[in-house]
Amino acid sequence: MVASDLIGMRFTVAEVGGRIVETEAYRPDDAASHAYNGPTSRNAAMFGPAGHVYVYRSYGIHWCLNFVCTKGSAVLIRAIEPENGIAHMIQRRGLADIVSLCNGPGKLSQALAVDIHLNGRSLDAAPFSLSLAEPVPIVAGKRIGITKNIDPLWRFGAAGSRFVSRRFP
């Protein structure tokens, strides 16, 4: 599953970012997915090519970053461990607590300056960089903040990471 394969990879936006430590998977047959009811203007990027970005606003407040995998499937990037451009992250977030900079999808997007202008862009071109890193032990659990299809263990994290949005059981 792509969501678990992304754990431990390094990801940056304009050279600001770090190691991916938490993700969630969403499929088109998943009632919790934005793709569940088919294509709309909001979720069009989810039905585009794999390896592109789907960005949406959550609760009218926070931008959320997803990687498109296959038609209608995406992985929400929930948290990263900050490594590059930490001064930029601190300035954008208005706090210096390194653990809290990117430990949630909205926080991560704010720290990396992700917003709708990146929606639909390819992950293999600037401003993005995605690269392999050393493998890390992975844990799985239920997704967070959803009310539909809550049972699948489609949330993945780097085992023992203090940078995840919520500890795994």
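The structure under discussion appears in the preceding block.
Described in the following lines is the structure provided in the data block.

Calculation rules
- Residues numbered from 1 in each chain as written.
- Predicted model: local features only at pLDDT ≥ 70, side-chain atom pairs only at ≥ 80, totals over all residues.
- Heavy atoms only, no water.
- 1 Å grid on protein atoms, 1.4 Å probe; cavity = no way out; pocket = protein on both sides within 12 Å on 5 of 7 lines; lining within 4 Å.
- Points joined across faces, edges and corners; volume = space filled by probe spheres on them.
- Helix = DSSP H or I, 4+ residues; strand = E, 2+ residues; numbered from the N terminus.
- Nonpolar A, V, L, I, M, F, W, Y, C, P; charged D, E, K, R; others polar.
- Axes fitted to C-alpha atoms, helices over the stretch in contact; angles between N-to-C directions.
- Parallel < 35°, antiparallel > 145°, perpendicular 65-115°, else oblique.
- Left-handed = near helix turned anticlockwise from the far one by under 90°.
- Contact = heavy atoms within 4.5 Å.
- Polar contact = N/O pair within 3.5 Å; in protein donor to acceptor, adjacent residues only side chain to side chain.

Its boundaries defined by the atoms lining it, the largest pocket holds a volume of some 660 Å³. Along the wall of the largest pocket there are 28 residues; nearest its centre are Tyr56, Ser58, Tyr59, Ile144 and Gly145. The element best represented in the lining of the largest pocket is strand β3 (residues 53-58), accounting for four residues. By residue class, the composition of the lining of the largest pocket is twelve nonpolar, ten polar and six charged.

Cis rather than trans, the peptide bond between Ala126 and Pro127 has omega equal to 15°. In this fold, Pro127 is placed in the loop between α3 (105-112) and β6 (128-131). A positive phi is found at Glu15, a non-glycine position, where the angle reads about 70°. The residue Tyr59 is not glycine, and still its phi comes out positive at about 55°.

Close contact between helix α2 (residues 86-93) and α3 brings their axes to 7 Å; oriented N to C, the two are set at 115°. One way to sum up the angle between α2 and α3 is to call them roughly perpendicular. The handedness of the crossing between α2 and α3 comes out as right-handed. Residues Met89, Arg92 and Arg93 of α2 form the contact with α3, whose participating residues are Lys107, Gln110, Ala111 and Leu112.

Examined against the element boundaries, Asp30 turns out to sit in the loop between β2 (16-26) and β3. One polar contact links Asp30 to Arg143, side chain to side chain, over a distance of 2.5 Å. Asp30 has contacts with Ala25, Tyr36, Arg143, Asn149 and Trp154, leaving out every residue within four places of it along the chain.

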